[in-house]
Amino acid sequence: MSLSDEDDDDVSEYIRQFLEDITPAIQDVDSLDAVEEKLTHLEETDEEFHKYPYIKHLRRRIDTALTGLIDDEIDQNKSHDMDSGSEETLVNRITGMLLKSPPYLNLLKSLKVETKAAVDSLIRSFQDDLIQRARKENARLFEAGGRRSPKQSALSFTDDSSLGSSFNQGAFAFVSQERFIEMVQNMDVSKPISVRRAALNNLYQMPPSEAQACEYWNVLRHALGDGLSDPDEELSEKCLKYYARMLAAPHPILTSDIYGSLVEHIASYFGARKGMLIPVEDGIDMTDMAIVKLIRKFSLMCQFQLEVSTYWVRYPDRFMDNIIESTLSLLAVNPSIPLSNTENITPLHYLALIDTRANWFKKWMHGNYSRSVVLSQLSKHRFLIENTVRWCIRLQMCRQRKPDPLDDVTSNMKWTNISSNTHKYYSKPQIEYCFVVHSLCVVGRLLQYKAGRRFFPIKLKELPDPVSVTSFLVSVINLVVEPTPAHTANVNSKVAGYDAALLVTEMLKKLTESESACTECLCKDAVTNALLEPVRFLLSSTESDSYESHKISEMTLLHIADVLSSLAAVESGRSHLLYGEGKTSFTINLSAPIHTIAKFAVKCLNGARFEPALQNSVVAAYVYICRQLYTTCEGLFILTSYHLHTAITNAWEESTQAADLSSTPTPRSDYGASGDSADEESTLILADNLLDNLLNIAATPKGLSLMQLSGAMSECVAYMYSRYTKKLQVSKCEKFGYGVMLTQVAATSPGIEALYNTGFIKALIHNAWSAIECDPDDHKISVPTPYPVDPVDKAAHKPLTSLLNMLSSYQALYQIIGDVHLSQQQSNTFRDLPKTVTELIEKLVMLNNLERGHYLFNLEQSHVFGLRFLNVLCSCLDSMLLLESQYNIRDCLLQCQESNTTEHNDVVIVDVCSIERNHIIARISSVGGVNERVLPPRSLLEGANPYPWPMITSLLLPKEYTVTVGNKSSIKQGGDLSKFLSSTKSWDHDAQWLEGCKKAFIQSLKNKPEIMKASADLLERVVKAHVNVGSDVVFPLLKENEPHTQSPSLLTETQKLGIQLVVKYGSQLKLFKPGNDTETNLAEILKASTGMLSKQQRKISSTLKQLESGYPAMDWFIATIFLVYCGNRERIWKFILKFSSVIHSAYMWMPRLHNSVHLPVNLSSCGIHPLFSTIGHYIEMILHCEVPLVSSAFRLSGYTPSQICQHWLRQCFWNYLNWSDICHYLTLCLIMGIDYQVYMCVAILKHQQRQILYKSQLQELIFFLMEEPILEFRLGDHIEFMQHLETKYRPVILSDIRDLSTP
């Protein structure tokens, strides 16, 4: 079948229309196979399928060719199919016959020929049609003046700039070389203007790369430059648009060449022949079209400068070098009139008008790739740097202009608004102000980089001395601190970004972002002294002083505070504020900036009146700077003498009372109501701000004691909880949330009480329960969630860690569950959600009753969660004894093991729960270091016997869990210390003997630490020496009475259980034989010491449970001494009597200062032991300075070094060190000094640095530190490090440790 030409054209149109119609359906498909799949099922997915003309055409062809054949087949097969009753069989038979029939094959062949011819026709006409459309569209855009389409390049100009679509490539036509030569010739200046316009229009239809590749490109380049300078406005404008189009071309050689041409053309304006040498005094007249044209060319250049940095890294290095070199060469032009002192407008002035904030320079200096080239080129044009520095120093002259010029220039700062329609004239003050702002931004960016600071010092003719970095910063700081003109006090928000003081403030803040820049630029006494000059003036002034001639605005004080706050946020800046330039750490330098800041803050908080009166925002700003410093241990060390916590507390109480009074409804008129409302809101904001600052004092252990002494613990914790629930940021300069502070607060009894009362603990329990028993949306569920892969699901790990951070310390746990009994319920229900820690333990751990487990959706997961929680708690011996005495934890776990056995042979089934229970039972039933007890692992092994350790089913541990240890409590002969003790028996135990003992002890540790052990004789002689010397005696020396003569006292259940553990441990060490006499002796010693200390205790009325009566835990120091003396009651008692008088007893013997009369009433009643507030504080301080990685790991983990060290020291390292190392600890602190408690803890944490960093990444730091013993720590390996710490920190630490009158 043949087709006529008319039919062929119709089919082509049908196909073209069909392709256009289905384009939306296939435009998002990314492969040819997917397109074929889409078209195959198009009839199913497109409702308009049968309405397409091409589909109708195909249907007509099918009907014409096959309808008759189909009817004949139906008639022939109708009777047969009626008999069979199967229409489907009939359709299949007819279809199969049709597909093989000659009419169908002819139709298929005809359609292929027809479609191929139509497609070939479309392909032939496609290019011509595309070119014609492109020409029409391009001509329309060109004649319309360049309106920008949404898809154009970001480099296009707006209509106001009259450069419109200059960067839009559009579509191009390809012309012959002869035609191009003709266009170039027609662009010559000798040709008529109409011919030149037509040639330029034709150039628009050529690709930029074709123009550049032509051998006549240089001729065209000069012709285009002549066109830019042509007086004909239309030709000049179109040439500029063509430059813009060429700059947008993705060809580095072309772009570099055309940019160089534009720069050369602009530079020609500043030659004498152009007549564009305009004095700055004359200003810039925007009604002059020649100036308008020049500014548009600068705008195009500036726009290219802003964009080119985003892609020049993809081009050859020469491209960037050419751009930077030509730009800086232009900006270095400094035209001047011969024999005249008149200053002319330079290219840099125009660029400053267009890009006042020097964004082009900021982008060019951002990456090292371009920065090195820029700095290298600037070294060839040092005049540029000198000129910008000169104008920065002269900035104050421009700043003191009248307000109208300033407002005018800053309201038109953006280059996109500079045109003849928006501003008519720029005066000299406006031009100079833009120029100096641009210069300030350039120099500020240079100072951020080390290579940029090498340009200093700079020699200026008008100054006698070279301008160094420091002198430059002092000069520009004067713009901030000197009296502000009246018009700058209330700068319009529209122009506030160009205020001189604000610009300098931003520059100084940027310098703090780099540690090196901050150190070299801002950490100078001259710089901070210049900044604090207004603050010092206010401190030295009185109310009678006259302020008429020298008023310091609040905005000035806020700018200063903003810079100081940024400085305090970095390590080097914080050190400079605390100590000054080049001063030693931990020394009081009264000239350091912090003292001025603290004095001003305290003066403001105490209600000092200034003229004019300072608003609350100023007070809050300077208190916040102090807060950034006192949240660190070093900062609090310096600021303690200013009693900021007292001043903040008093100011908070006053502001709260004022807010309450202002909120009381009183009869008043409507007049002035809005002002009163604003004052009330300001007062409330100040009250919250002060409470927030008071809360942040608790960031350190000593600060937490100060906050407790202020009496605002409950209010601060409630405020923290309110912000925590709202997920609010802590502050603008702090990167972490309240995690560390929460742990710090929870480590003490008053802190955990406040947290419990605010509902924080209840919220943590709810989160934990939701994670293990509910779906992710915290809704109750009726079906269990999928079983997790890990024993503790990832979703439950964080709630578990949060709970442990709060409750891992004994003080916290005792305050929460002390004397709180179980509910005695035999079963639970789905609705009984735990609300307290006791209920959580009962529902997740106490599953000895099968009925309780039936009401847990995730029985194993929830039980393992509870067991992991319990295991960490039992790592603390006091917590373990408390849980055992109140809840019989061990018996409950044994019952769970018995219920988890096989039916026939009563063998405990090995599963995740039984393994975890087995581990906890072994932990509870034994005491010792890593070599003194065996704890079964909590995981299976590979092989035939994955769990070879026996399950514990009774109170008696299997022999696999017992270790035999020899007596290691004596000093073997041959060591330096033993020789010294033998040779000095007849000596007086004075300072000389004590010094000799120290040297012998250190030498023994270094040479033969394995033979140097503690002995009763050594401890007695050391304590006797301390008593004789007297420098460490801080308590009265008691009379030597026998233990049985002391006031009798009863032992608590925890002490009775503790006695059993101690005797069992001593028997294992073979220090004595087990028996009733041993337990009785220890009980008598505990009763006697309790009775003795009770005479030195005061009764305190408090809600804290630990202050209600005697010391509420086991005395682990007495237990340790009992083992050292092998149970000799008389010698132990004599040692205790003498030891109780020296300062060592205050920190090594926990009951010594419990409710003690030797402490001030406020300290003994605050519930925070000096071991935490003093020893823990200095541990964190030294750790931050000496082992910063470990300190950061703790902070990231939300756990604190003071908490784990307090835990270790309270139980004398039991379960963490072997017995020999515990004896080393006692001897070290007694011989070397009590401050060695601090140094030893720091040494241990440094020893564990690798494991701490690893575990913090796994978010398992608290599990590692609480559960694992301290491995391979040998005191002799770290004694030199501890001696180094002693030399560096003892002058600060020891005096504070001995002073028990302050926290």
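Parameters at a glance
- Residues numbered from 1 in each chain as written.
- Predicted model: local features only at pLDDT ≥ 70, side-chain atom pairs only at ≥ 80, totals over all residues.
- Heavy atoms only, no water.
- Helix = DSSP H or I, 4+ residues; strand = E, 2+ residues; numbered from the N terminus.
- Buried < 20%, exposed > 50% of the residue type's maximum accessible area, 1.4 Å probe, protein only.
- Contact = heavy atoms within 4.5 Å.
- Areas by Shrake-Rupley, 256 points an atom, 1.4 Å probe, with all protein chains shown as cover.
- Phe/Tyr/Trp six-rings, centres within 6.5 Å; stacked < 30°, edge-to-face > 60°.
- Core = buried A, V, L, I, M, F, W, Y, C linked by side-chain atoms within 4.5 Å.
- Axes fitted to C-alpha atoms, helices over the stretch in contact; angles between N-to-C directions.
- Parallel < 35°, antiparallel > 145°, perpendicular 65-115°, else oblique.
- Nonpolar A, V, L, I, M, F, W, Y, C, P; charged D, E, K, R; others polar.
- Salt bridge = Lys/Arg side-chain N within 4 Å of Asp/Glu carboxyl O.
- Lys, Arg positive; Asp, Glu negative; His and termini not counted.
- pLDDT = per-residue confidence, 0-100.
- Expected span 1.5 Å × (residues − 1).

Asks: Whenever I open this one, the overall build of the protein chain confuses me. Can you help?
Replies: What the protein chain contains, in helices and strands, is 64 helices and two strands. A buried classification covers 53% of the 1303 residues belonging to the protein chain. If you take every contact in the protein chain between residues at least 6 apart in sequence, the share linking residues at least 24 apart comes to 76%. A total of about 58,100 Å² of accessible surface is found on the protein chain, and carbon and sulfur atoms cover 51% of it.

Asks: How should I be thinking about the packing of aromatic side chains in this particular structure?
Replies: To describe a pair of aromatic rings, you give the distance between the ring centres and the angle between the ring planes. Scanning all chains against the criterion turns up 34 aromatic pairs. Ring geometry for Tyr 810 and Tyr 814: centres 5.7 Å apart, planes at 25°, overall stacked. Of this pair, Tyr 810 and Tyr 814 both sit in helix 41 (residues 810-817), four residues apart, which is roughly one turn of the helix. Accessibility classification places Tyr 810 together with Tyr 814 in one group, the buried group.

Asks: What is the right way to look at unusual backbone geometry in this model?
Replies: In terms of backbone geometry, most residues other than glycine have negative phi values and most peptide bonds are trans. The peptide bond linking Phe 456 to Pro 457 adopts the cis configuration, its omega dihedral lying at 0°. Inspection of the secondary structure puts Pro 457 in the loop between helix 22 (450-453) and helix 23 (469-481). The phi angle at Phe 1213 is positive, at roughly 65°, despite the residue not being glycine. By the secondary structure assignment, Phe 1213 is in the loop between helix 59 (1201-1210) and helix 60 (1219-1232). On the basis of relative accessible area, Phe 1213 is assigned to the buried category, the value being 0%. Even without glycine at this site, Glu 1272 takes up a positive phi of about 55°.

Asks: Would you explain the nonpolar core in this entry?
Replies: A general tendency of soluble globular proteins is for nonpolar side chains to be buried together. With 378 residues, the main nonpolar core has Phe 472, Leu 473, Tyr 622, Phe 1213 and Trp 1214 as its most contacted residues. Setting aside residues up to four positions removed in sequence, Leu 473 forms contacts with Leu 447, Met 507, Leu 508, Leu 511, Cys 521, Leu 522 and Val 527. In terms of nonpolar packing, the next biggest core, distinct from the first, is built from 10 residues, Ile 15, Ile 22, Tyr 52 and Ala 118 among them.

Asks: Teacher, can you tell me more about the packing of helix 60 against helix 61 (residues 1236-1247) here?
Replies: At a closest axis distance of 9 Å, the pairing of helix 60 and helix 61 adopts a crossing angle of 135°. In terms of their interaxial angle, helix 60 and helix 61 are classed as oblique. Contacts between helix 60 and helix 61 pair Tyr 1225, Leu 1228, Cys 1229 and Met 1232 from the former with Tyr 1236, Gln 1237 and Met 1240 from the latter. Looking at the contact of helix 60 with helix 61 residue by residue, the class counts come to six nonpolar, one polar and no charged.

Asks: Please explain the pattern of salt bridges as it appears in this structure.
Replies: Note on pairing: side chains with opposite charge can pair once their charged atoms come close. All told, the structure shown has 35 salt bridges when counted by the stated rule. In this structure, Lys 510 and Glu 513 form a salt bridge, with 3.6 Å as the shortest nitrogen-oxygen distance. Between Arg 1210 and Asp 878 there is a salt bridge, and its shortest N-O distance comes to 3.8 Å. Taken together, the positions of Arg 1210 in helix 59 and Asp 878 in helix 45 (residues 877-887) put the pair 332 residues apart, joining distant regions of the chain. When sorted by exposure, Arg 1210 lands in the same class as Asp 878, which is buried.

Asks: Help me out: how do you make sense of the side chain of Arg 890 in this one?
Replies: Secondary-structure assignment places Arg 890 in helix 46 (residues 889-899). Although Arg 890 lies buried, it forms no salt bridge, and the closest oppositely charged side chain, Glu 884, sits 4.2 Å away as judged by the N-O distance. When residues no more than four places from it in sequence are discounted, the contact partners of Arg 890 are Glu 884, Ile 924, Ser 925 and Leu 955.

Asks: Help me understand the environment of Leu 955, please; the structure alone is not making it clear to me.
Replies: Tracing the backbone through its elements, the reader meets Leu 955 in the loop between helix 47 (912-925) and helix 48 (976-983). Sequence separation between Leu 955 and Leu 894 is 61 residues, and the spatial gap between their C-alpha atoms is 8.4 Å. Apart from the residues lying within four places of it in its own chain, the contact partners of Leu 955 are Arg 890, Asp 891 and Leu 894.

Asks: Hey, could you run me through the confidence of the model for the protein chain in this one?
Replies: Reading predicted coordinates in detail is not appropriate for stretches of low pLDDT. Of the residues in the protein chain, 82% have a pLDDT of 70 or more, and the chain-wide mean is 83. Helix 20 (residues 403-410) is the least confidently modelled element of the protein chain, averaging 43 in pLDDT, while helix 61 averages 98, the highest of any element. Under a pLDDT of 50 for its full length, residues 484-496 has, in the predicted model, 17 contacts with residues more than four places off or in other chains. Confidence drops under pLDDT 50 across residues 666-674; counting only partners more than four residues distant or on other chains, this segment forms one contact.

Asks: In this structure, what is going on with helix 57 (residues 1170-1186)? I would like to understand it.
Replies: The α-helix winds at 3.6 residues per turn, so residues separated by three or four positions along the chain end up facing the same way. With 17 residues, helix 57 ought to run about 24 Å at 1.5 Å a step, and its terminal C-alpha atoms sit 23 Å apart, in line with that. A large share of helix 57 lies buried, amounting to 14 of its 17 residues.

Asks: How should the packing of helix 53 (residues 1116-1124) against helix 60 be read in this particular structure?
Replies: Each packed pair of helices is defined by two parameters, the angle between the axes and the distance between the axes. At a minimum axis separation of 11 Å, helix 53 and helix 60 run at an interaxial angle of 110°. Judged on the interaxial angle alone, helix 60 and helix 53 are roughly perpendicular. Between helix 53 and helix 60, the residues in contact are Phe 1117, Thr 1120, Ile 1121, Leu 1123 and Val 1124 and Trp 1219, Ile 1222, Cys 1223 and Leu 1226, respectively. Along the lines of polarity and charge, the residues of the contact of helix 53 with helix 60 split into eight nonpolar, one polar and no charged.

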